[in-house]
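Read off the chains here:
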Amino acid sequence: MLSSQIKSNEIIFGSCNKDLLEEIIFYGIGLGADFIEIFIENTDNSSVLAEEDFITSVSPSFGRGAGIRIFKGTKDGFVSTNDLTKHGLMRSVSQAIEMLDITDNKREVFNGLNKHRDYSLSKKKWINEVPSIHEISEKLLVSTKSLKKNNKIITRKGSYSRNLQEVIIASSDGTYVSDIRLHQTVGLNVIASDAQYRSSGSRRFGSSGMPNEFRLWDHEKAANDVFESSMNMLYADYVDAGQMPVVLANKFGGVIFHEACGHLLETTQIERGTTPFENKLNEKIAHESVTAIDEGISEGSFGSLSVDDEGMEPEKSVLIKDGILKKFISDRAGELRTGHKRTGSGRRQNYSFAAASRMRNTYIAKGEHSKEDLINSISDGLYCKSMGGGSVGATGQFNFAVEEGYLIKNGKLTSPVKGATLIGEAKEVMPKISMCGNDLELAPGFCGSISGSVNVTVGQPHIKVDSITVGGR
Amino acid sequence: MDSREITTQISKAADFLNLKKWDYGASFSNDYSVQVDKGEAKQLKASQKQILTLRVWNESNLVGITTTSDISESGIKKALNQANIASDFGNKNERTEFSPLAKDPIEVKDAKKRNPVGIKKLLTLLREAEVKLLESHKSIKSVPYNGLSESFYERVYANSDGAFRSYTKSQAALYLYARAEEKNKKPRSSGSVKLGYGVEDIDIESCIKDASNKTISHLNYSSIKTDKYLICFSPESFLTIINAFSSMFNARSILDGVSLSNKNSIGEKLSTEALNIYDDGLHEKNISSSPFDGEGTPTKKLCLINKGRIENFIHSESTARIFKTIPTGHAGLGSKVSVSPDWIVVEKSKEYSDLKTSLDHSTYEGEFVYIEELNAIHAGVRASQGSFSLPFDGWLYKNGKKISIESATVAGDIKYLLKNIVNIESSQEVTTSGISPHIWVDELSITGDA
């Protein structure tokens, strides 16, 4: 308590930094900034890798830094630094002001920071519950041992990473918040081999704000999934290329919506003029069976947050309702430059990136069909049980690798196939999602974009796409 | 603190903590970048960054590591402490030591370090470039992805055995990606990237011209029939493929069981005798060259494929020891030391009698697909299985005409691709990731919309 009353010349985590932050903001406003935002971060991360039956890597890391963003009109200048002293922060403000070449005499009013809103209060209790490296190592080794199911498995890996991030966000609109974020992720990978045949299998799990989640993780089930997937694909033939109907599985199948459509609904894409949906608000952009949501509030989900990186609480945004475009994902710059209201989606990898409009937990809502309904409706097509990564090009074309695929013949799943890629464009594929299953599930992932790599969740129920290009051989 | 002072600070703190054996790698940088949007400054960025990675060996000679951005006295002590704790989990099955070459002389090229031009100058230059690119063709409506940056950095390696290496560099980069739109057609986009030691070394006019020409060349497009085609890989796209499958030459990947090669693959025939591939991090055209790797081993030129056969693997200290050879200067400092190539150089050897030398991308009149650029490498490459399925930008050459391919993927197997190289053109081109001539491959699968 005493420390919070001492005037400091340096940011101190866990203390009240109000006076210092106000002084810096006053300084920036006095130099002509329209708006100034200070994002300060303290991180404590660890990762552990188990290979075969040994721990082969333990990597702790920690760091501190600040990102200062100044707006003048719609222009912004962003400076990041590791120097958290008053002198260092003021120097960064001066640098941002100088970059923006501010010369007018117009001065905004800054009325001081609001009462500190501390989202970390309820979390401080569980910080000590985070598993130790020893505990993590033991469970990872048990997990990789579980993967040793036959002699065709030639490599077994288990990896864990934990990111603990303490943030302070203050800005000239009075915002003054702090938070602690905990993200844990664990994954299993195998490579199987038999003569000239090779396959791989992987699964990743992740959570936010739940220290016990790793302890509760069912490693046996995960190991069985990974093993079965690699065995099913080991002798698979390459898929024949062509146009065909596909069923995309739930969970990580949602990556297709994330990449193909979700990114095009971020205001950064409107700013660049690279989304075909810019002027389509309240117009039909998808099949009427599609309702899509982006939110940051699902408890424990990998993309959830108590407050975004611009100090706003995340909202649940219905992006598409029954095929009609209802909302874009927006941050502060997005609101300023495109007029779309902020949605609590200003996110960044760390202090060295300016926040941008980014997805959080993004998914297609569940429909009324069973998985079997979808598969039974196809006479000749592809079932994509497990999706790999994907990307979307500058003009909207996307592609996704199918890690585990099966041919559908006469409404039944038949032989496994490998080497499939799904290719298309969002505005052409979205109207072709004709059936949604009733089995919505989410899966964690990392999304790389303009403001770095952020934790997200993708998700969907099983969905049917009436026709899509499948790349193969 | 400068790098010598940091080394002294670490040494003192290690003594205080009774840590006898340690090393570290560090990077200190100042970066400046600008982006514009239709003549207006969009985002201007500056950053000052420091990263320190410390390794310590405990009494059982097990290694622990910590990375930090806090290089204050207390930060360094905390990092050493954490690394010491992590050393309890050090890998007992694969010991790590200092590189035996960490004190060998390094080849220091002319640093060509430039002075900062500053944000205002960067902004002026990028604004002008954007205007010129927009004016270069009526169909180019915007330059949605653009940036001009300059970086100034120092890299350091030192250890408790007295090794100390440091170098400072500057680097600048310009990228321009234009978007062209025509009525009743899909938007098309392409671009260009140029690197230099400083902004004054970047050929801005050529970047504008390349971005414009590439974008316009894709305006008249058509879908392609799914089939097998004769392919000509541009230097850039062939280097992309080789880098994506560089685990074939990577001793770390071999030990980890994720490479298509094994310990006995040296001498294995992969391709035509006409193919040579080197890793040459110190090549004079490599703007990002570094004279030493993460373990302090000097960078050097290494032949990976000689006349179509695997000649060498790239190594760190520990993989070299296991393979009973010497480190090659390709290590990245980490808890588990990584190994990666620096700068790939592809060339035609003197043994090229089996090549179809009539295949030349500028004169050949038969049907073929020219792959200009491969995309989505992270999603479409299965390095451990040898397969790829990648979207690309390119053209179909047919009946004397060249037409941009609307949307397609090329799929295959790296070993099949290397075995089916039918020509290696004579002239090499410098790209941002290495040097290569155009490479012709027969019978690769293309999936298109038609």
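Conventions we followed
- Residues numbered from 1 in each chain as written.
- Chains lettered and ligands numbered in written order.
- Predicted model: local features only at pLDDT ≥ 70, side-chain atom pairs only at ≥ 80, totals over all residues.
- Heavy atoms only, no water.
- Helix = DSSP H or I, 4+ residues; strand = E, 2+ residues; numbered from the N terminus.
- Rg over C-alpha atoms; globule rule 2.2 N^0.38 Å.
- Buried < 20%, exposed > 50% of the residue type's maximum accessible area, 1.4 Å probe, protein only.
- Contact = heavy atoms within 4.5 Å.
- Areas by Shrake-Rupley, 256 points an atom, 1.4 Å probe, with all protein chains shown as cover.
- Lys, Arg positive; Asp, Glu negative; His and termini not counted.
- Charge placed at Lys NZ, Arg CZ, Asp CG, Glu CD.
- Axes fitted to C-alpha atoms, helices over the stretch in contact; angles between N-to-C directions.
- Parallel < 35°, antiparallel > 145°, perpendicular 65-115°, else oblique.
- Left-handed = near helix turned anticlockwise from the far one by under 90°.
- Nonpolar A, V, L, I, M, F, W, Y, C, P; charged D, E, K, R; others polar.
- Domains from an automatic or database assignment.
- Buried area = accessible area lost by both parts, 1.4 Å probe.
- 1 Å grid on protein atoms, 1.4 Å probe; cavity = no way out; pocket = protein on both sides within 12 Å on 5 of 7 lines; lining within 4 Å.
- Points joined across faces, edges and corners; volume = space filled by probe spheres on them.
- Core = buried A, V, L, I, M, F, W, Y, C linked by side-chain atoms within 4.5 Å.
- Expected span 1.5 Å × (residues − 1).
- Arc of directions from axis to C-beta.
- Polar contact = N/O pair within 3.5 Å; in protein donor to acceptor, adjacent residues only side chain to side chain.
- Salt bridge = Lys/Arg side-chain N within 4 Å of Asp/Glu carboxyl O.
- Pairing = 2+ DSSP bridges.
- Phe/Tyr/Trp six-rings, centres within 6.5 Å; stacked < 30°, edge-to-face > 60°.
- Lys NZ or Arg CZ within 6 Å of the ring centre and 35° of its normal.

With that settled, consider the overall build of chain B. Each helix and strand in chain B was counted, giving nine helices and 21 strands. For chain B, the C-alpha radius of gyration of 24 Å lies close to 22 Å, the compact-globule estimate for 450 residues. Taken along the three principal axes of its C-alpha coordinates, chain B extends 75 × 55 × 35 Å. In chain B, buried positions account for 58% of the 450 residues. Put simply, of all contacts in chain B between residues at least 6 apart along the chain, 71% involve residues at least 24 apart. Roughly 18,100 Å² of accessible area belongs to chain B as shown, and the carbon and sulfur atoms make up 46% of that amount. Each charge class in chain B was averaged separately, 57 positive and 58 negative side chains, and the resulting centres sit 2 Å apart.

Take the packing of helix H1 (residues 3–16) of chain B against helix H2 (residues 73–86) of chain B next. Residues and elements named next belong to chain B. Remark: H1 packs on H2, axes separated minimally by 10 Å, with the N-to-C direction vectors making an angle of 55°. It follows that H1 is oblique to H2 by the angle criterion. Taken as a pair, H1 and H2 cross one another with a handedness that is right-handed. For the pair H1 and H2, the contacting residues are Gln9, Ile10, Ala13, Ala14 and Phe16 in the first and Glu73, Ile76, Lys77 and Leu80 in the second. A per-class count over the contact of H1 with H2 returns six nonpolar, one polar and two charged.

A separate point is the domain arrangement of chain A. All names here are of chain A. Its domain assignment divides chain A into domain 1 (2–234) and domain 2 (237–471). Taking only C-alpha atoms into account, the centre of domain 1 sits 24 Å from that of domain 2. Residue-level contacts link 44 residues of domain 1 with 36 residues of domain 2. Summing both partners gives a buried area of about 3,100 Å² for domain 1 against domain 2, and 50% of it is carried by carbon and sulfur.

Residue and element names in this part refer to chain A. One way to put it is that helix H2 (residues 18–30) packs onto helix H3 (residues 86–100) with a least axis distance of 10 Å and a crossing angle of 25°. Put simply, H2 runs roughly parallel to H3. Crossing hand, H2 versus H3: right-handed. Where H2 abuts H3, its residues Leu20, Glu23, Ile24, Tyr27 and Gly28 lie against Lys86, Leu89, Met90, Val93, Ser94 and Ile97. Its residues assigned to classes, the contact of H2 with H3 comprises seven nonpolar, two polar and two charged.

A word on empty space enclosed by the protein. One water molecule sets the probe size; rolling that probe over the atoms shows where empty space is left. One pass over the structure, following the stated rule, counts three cavities of 30 Å³ or more. Its volume calculated, the largest cavity comes out at about 210 Å³. Lining the largest cavity are 20 residues, and of these Thr56 of chain A together with Asn91, Glu94, Thr96 and Ser335 of chain B sit closest to its centre. For the lining of the largest cavity, the secondary-structure elements that each account for two or more residues are strand E2 (54–72) of chain A together with strand E3 (63–68) of chain B. Looking at the lining of the largest cavity residue by residue, the classes come out as six nonpolar, 10 polar and four charged. Counted as a void, the second largest cavity has a volume near 80 Å³. Lining of the second largest cavity is provided by Glu271 and Arg272 of chain A together with Gln35, Val36, Asp37, Lys38, Lys42, Glu130, Ser142, Val143, Pro144 and Asn146 of chain B. Put simply, the parts of the chain that give the lining of the second largest cavity at least two residues each are helix H8 (267–272) of chain A together with strand E1 (21–37) and strand E4 (140–159) of chain B. When its residues are assigned to classes, the lining of the second largest cavity shows three nonpolar, three polar and six charged.

Formed by 58 residues in total, the largest nonpolar core has its most connected members in Ile11, Leu21, Ile40 and Ile70 of chain A together with Leu176 of chain B. Among residues more than four places away in sequence, those in contact with Ile40 of chain A are Ile11, Phe13, Leu21, Gly65, Ala66, Leu84, Glu166, Val167 and Ile168 of chain A.

The next thing to look at is H2 of chain B. Under the 1.5 Å per step criterion, the end-to-end length of H2 of chain B is 20 Å for 14 residues, consistent within 8% with the ideal 20 Å. When we look at burial in H2 of chain B, the residues that qualify are Gly75, Ile76, Ala79, Leu80, Gln82, Ala83 and Ala86 of chain B. Looking down the long axis of H2 of chain B, one finds its buried residues gathered within 165° of arc, a one-sided arrangement. For H2 of chain B, the exposed residues set more than 90 degrees away from the buried face come down to Ser74 and Ile85 of chain B. Where the residues of H2 of chain B are buried, they touch E2 of chain A together with H1, strand E2 (40–57) and E3 of chain B.

All names here are of chain A. Residue position: Asp294 is located in strand E10 (residues 292–295). Residue class for Asp294 comes out buried when judged on its relative accessible area of 0%. Separated by 2.8 Å, the side chains of Asp294 and Arg360 make a polar contact. Sequence-distant contacts of Asp294, that is, excluding residues within four places in its chain, are made with Glu315, Lys316, Ser317, Leu319, Ile329, Ser345, Met359, Arg360, Asn361 and Thr362.

Turning next to the interface of chain A and chain B. Between chain A and chain B, the contact holds 72 residues from the first and 64 residues from the second. Where chain A abuts chain B, roughly 5,500 Å² becomes buried across the two surfaces, and 49% of that area is made up of carbon and sulfur atoms. A per-residue breakdown of the area chain A buries against chain B is headed by Phe62, Arg272 and Arg473 of chain A, which together make up 14% of the total. Linking chain A with chain B are six salt bridges. Lys186 of chain B is paired through a salt bridge with Glu428 of chain A; the nearest N and O atoms lie 3.3 Å apart. On inspection of chain A and its partner chain B, the count reaches 29 residue pairs in polar contact (both at pLDDT 80 or more).

Residues and elements named next belong to chain A. The phi dihedral of Glu52 is positive, around 55°, even though this residue is not glycine. The class of Glu52 is partly exposed, set by a relative accessible area of 25%. Positive phi is not limited to glycine here, since Asp322 has a value of about 50°. Assignment of secondary structure puts Asp322 in the loop between strand E11 (317–321) and strand E12 (324–325). Note on Asp322: relative accessible area 40%, which makes it partly exposed.

A word on helix H5 (residues 235–244) of chain B. Of all 10 residues in H5 of chain B, seven are buried; the element is thus mostly enclosed. Of the residues making up H5 of chain B, those classed as buried are Pro235, Ser237, Phe238, Leu239, Ile241, Ile242 and Ala244 of chain B.

Before going further, it helps to examine the environment of Ile40 of chain A. Within the secondary structure, Ile40 of chain A sits in strand E1 (residues 35–51). Distance from Ile40 of chain A to Phe13 of chain A, taken between C-alpha atoms, is 9.3 Å for residues 27 residues apart in sequence.

Where a strand is regular, its side chains alternate between the two sheet faces. Residues and elements named next belong to chain A. As paired strands, E10 and E11 are joined by three bridges and run antiparallel to one another. Counterpart to Asp294 in the pairing with E11 is Ser317. Across two bridges, the pairing between E11 and E12 is antiparallel. Pairing of Ile320 across the sheet is with Leu325, part of E12. Remark: two residues form the turn of the hairpin made by E11 and E12, two consecutive strands paired antiparallel; Asp322 in that turn has positive phi of roughly 50°.

Below, the discussion takes up the packing of aromatic side chains. When we look at a pair of aromatic rings, we describe it by the centre distance and by the angle of the planes. Under the definition given, this model contains 19 aromatic pairs over all chains. Here Tyr364 of chain B and Trp440 of chain B contribute two aromatic rings whose centre-to-centre distance is 5.6 Å and whose plane-to-plane angle is 80°, an arrangement assigned as edge-to-face. In this pair, Tyr364 of chain B is assigned in the loop between strand E14 (344–348) and strand E15 (368–374) and Trp440 of chain B in strand E21 (residues 434–447), connecting sequence segments 76 residues apart. A connected cluster of aromatic rings, assembled from ring pairs, spans Tyr160, Phe205, Phe214 and Trp217 of chain A. In this arrangement the basic side chain of Lys418 of chain A is found over the ring face of Tyr238 of chain A, its NZ or CZ atom lying 4.9 Å from the centre. Directly above the ring of Phe62 of chain A sits Lys78 of chain B, whose terminal nitrogen or CZ lies 4.2 Å from the centroid.

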